[in-house]
Amino acid sequence: MQETRTEEPAPVSPLEMALAQFDAAADRLGLDEGLRHLLRQPKRAVSVSVPLRLDSGALRVFRGYRVLHNDARGPGKGGIRYHPDVTLEEVTALAMWMTWKTAVAGVPFGGAKGGVAVNPRDLSPGELERLTRRFTTAIAPVIGPEMDVPAPDVNTDQRVMAWMADTYGTLRGRAAPGVVTGKPPALGGSLGRAEATGRGLVCAVEEAARTLHLPLQGATVAFTGFGNAGGSGALLMAEAGATVVAVSDSTACVYNGRGLDVRRLRQEKRRGRSLAEVAATDGGMDVISHEELLALPVDILAPCALEAEIHGGNAGLIRARVLAEGANGPTTPEADAVLAERGTLVIPDILCNAGGVVVSYFEWVQDRQGYFWDEGEVNARLQQVMCRAYAAVAAEAEAQGVSMREAAYLVAVRRVAEAVALRGV
Ligand code: GLU
């Protein structure tokens with residue numbers, strides 16, 4: 001493994017990143033000053049206390065948030081994350097990114113996000129359910145199928161969405177499956193939703209690879225983050241013929257130059273084993289450092305973990321030709337400049353990881369119609385939407401001579417600004 005060096009970056013907050021990205025687009029578009037003020041702030045931010053009776057009988061109180069950044073193009077849309085580092089500021093940045101993501105994807109939603117500052121690994125299943133029901137009750141006045149529609153995000157899943165849908169329906173006195181997406185199919189969830197973020201990421205990478213004349217068959221890929229986006233992305237990338245040489249979770253980065261058995265690793269994770277635990281008993285992989293993973297001479301690097309993972313201090317290590325952002329906000333503006341200098345093709349988060357919210361849109365449509373599609377139809381339509389979005393961003397990048405990220409922002413901010421202007425204040 002080659003020697004690597006990183007420096008601690010000056011910390012940049014997700015909200016600073018989101019505002020810097022927006023301001024750059026607003027400048028380029030010559031956006032009206034008033035409109036700029038409107039779009040720099042969330043329309044609504046709710047902060048709630050979430051009391052939880054632990055199994056031990058003790059009472060703990062957690063902080064929860066739901067932020068609606070903008071709903072000019074449709075109801076708020078975005079996930080709920082459970083993570084100890086969740087803050088109002090972080091959720092606000094993530095909500096803003098959702099506004100641009102739904103606009104780039106061309107689905108009729110605004111942007112929102114929510115979260116609870118909690119480490120779900122510290123909770124029993126019963127505690128997690130009670131926390132979820134209490135949080136849902138607290139934010140019930142500001143969510144709804146026509147108002148704001150939550151979904152899974154970091155550390156939340158179908159099970160959490162099932163509890164949210166049930167709690168909301170109980171409060172309203174009738175089933176309202178369209179209040180959240182990412183539900184189990186038995187409760188009105190869409191087929192294909194669980195893998196949708198990964199499937200959309202593969203669609204975007206296929207489009208990028210085509211422009212670079214890089215066949216996916218045999219291409220080498222490294223992932224960071226092995227949750228919903230990274231786990232499904234790695235599996236589908238392997239199924240598409242690529243060699244997944246590295247993946248990571250919060251406990252370890254694992255590597256095998258001949259390719260990892262991604263399917264088995266996912267099964268182990270589902271059984272509750274961390275990558276560090278699997279690597280300790282499995283000779284088929286080496287444990288490497290995070291810096292070593294970033295520095296791998298792969299064709300494609302897909303950061304699918306948390307915000308600001310790639311920063312000014314480590315961007316110079318990256319040797320991949322394509323950076324496929326499965327996470328939200330994984331790359332700081334400083335790192336973006338380094339990658340642009342090196343000619344790395346960055347597929348920005350608001351395009352690259354839009355597959356999840358696209359199939360969330362399909363789920364919401366199916367719930368409202370009460371008519372469900374087969375998985376083939378979901379996947380075919382997802383591919384169509386991703387290809388259309390990629391083409392619009394690539395055309396903008398070409399026409400304006402800007403990066404794919406800047407182009408995605410131009411497309412998104414223009415669409416949202418048009419909707420705001422048409423509605424009037
Ligand atoms: N949490 C996912 C995201 O960041 C999905 C959001 C949704 O489906 O509403 O895009």
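Before any of the text, the structure's been laid out above.
We now turn to the structure provided with this report. (Residues numbered from 1 in each chain as written. Predicted model: local features only at pLDDT ≥ 70, side-chain atom pairs only at ≥ 80, totals over all residues. Heavy atoms only, no water.)

So, on to the overall build of the protein chain. Helices and strands together make up the secondary structure of the protein chain, namely 15 helices and 12 strands. Against the compact-globule benchmark of 22 Å for 425 residues, the protein chain has a radius of gyration of 20 Å, which places it among compact chains. The C-alpha extent of the protein chain, read off along each of the three principal axes, is 60 × 55 × 45 Å. A burial count over the protein chain gives 58% of its 425 residues as buried. For the protein chain, contacts bridging at least 24 residues in sequence account for 68% of all contacts bridging at least 6. Surface accessibility of the protein chain: about 17100 Å² in total, with carbon and sulfur atoms responsible for 50%. If the 44 positive side-chain charges of the protein chain are averaged to one point and the 50 negative ones to another, these points end up 6 Å apart. (Helix = DSSP H or I, 4+ residues; strand = E, 2+ residues; numbered from the N terminus. Rg over C-alpha atoms; globule rule 2.2 N^0.38 Å. Buried < 20%, exposed > 50% of the residue type's maximum accessible area, 1.4 Å probe, protein only. Contact = heavy atoms within 4.5 Å. Areas by Shrake-Rupley, 256 points an atom, 1.4 Å probe, with all protein chains shown as cover. Lys, Arg positive; Asp, Glu negative; His and termini not counted. Charge placed at Lys NZ, Arg CZ, Asp CG, Glu CD.)

Evaluation of the coordinates by the stated rule reveals 26 salt bridges. For Asp55, the salt bridge is made with Arg130, and the minimal N-O distance between the two is 2.9 Å. Within this pair, whereas Asp55 is found in the loop between strand S1 (44–53) and strand S2 (59–70), its partner Arg130 is found in helix H4 (residues 125–139), the two being separated by 75 residues in sequence. Its salt-bridge partner being Glu377, residue Arg381 comes within 2.9 Å of it at the nearest N-O pair. (Salt bridge = Lys/Arg side-chain N within 4 Å of Asp/Glu carboxyl O.)

Attention now goes to the pairing of strand S4 (residues 111–116). Of all 6 residues that make up S4, 6 are buried, and the element is covered over most of its length. Burial along S4 is two-sided: Gly111, Lys113 and Gly115 and Ala112, Gly114 and Val116, pointing in opposite directions, are all buried. Sheet topology places S2 next to S4; 6 bridges connect them, and they run antiparallel. Within the sheet, the bridge partner assigned to Arg66 lies in S4 and is Gly114. With helix H3 (residues 88–105) bridging strand S3 (residues 76–82) and its parallel neighbour S4, the resulting β-α-β unit is right-handed. (Pairing = 2+ DSSP bridges. Right-handed = clockwise from strand over helix to strand, strands pointing away.)

What surrounds the ligand is a group of 14 residues, the closest being Lys77, Lys101, Pro152, Asp153 and Ser360. Between an oxygen atom of the ligand and a main-chain N or O atom of Gly78, the distance comes to 3.5 Å. Asn328 places a side-chain nitrogen or oxygen 3.0 Å from an oxygen atom of the ligand. Summarising the interface, the protein chains cover 94% of the accessible area of the ligand, which totals 300 Å² for the free molecule. Counting residues per element, the ones that place at least two in the shell around the ligand are S3, H3, strand S5 (148–152) and helix H13 (355–369). (Near = heavy atom within 4 Å. Polar contact = N/O pair within 3.5 Å; in protein donor to acceptor, adjacent residues only side chain to side chain.)

A few words on the sheet that holds S2. Sheet strands pair via backbone hydrogen bonds, and the direction of the pair is either parallel or antiparallel. Reading across the sheet, the 5 strands line up as S1-S2-S4-S3-S5 and stay open at both edges, with mixed pairing between neighbours. The open sheet terminates on both sides in strands that have one partner only, identified here as S1 and S5. For this sheet, the mean inter-axis angle between neighbouring strands, taken without regard to orientation, is 20 degrees. (Axes fitted to C-alpha atoms, helices over the stretch in contact; angles between N-to-C directions.)

As a further point, take helix H2 (residues 33–40). An α-helical turn contains 3.6 residues, so a residue and the one three or four places further along point in the same direction. Those residues of H2 lying buried are Leu35, Arg36 and Leu39. Along the long axis of H2, the arc covered by the buried residues comes to 105 degrees, so they all point the same way. Two or three places before Gly34, at the opening of H2, Asp32 has a side-chain oxygen 3.0 Å from that residue's backbone nitrogen. (Arc of directions from axis to C-beta.)

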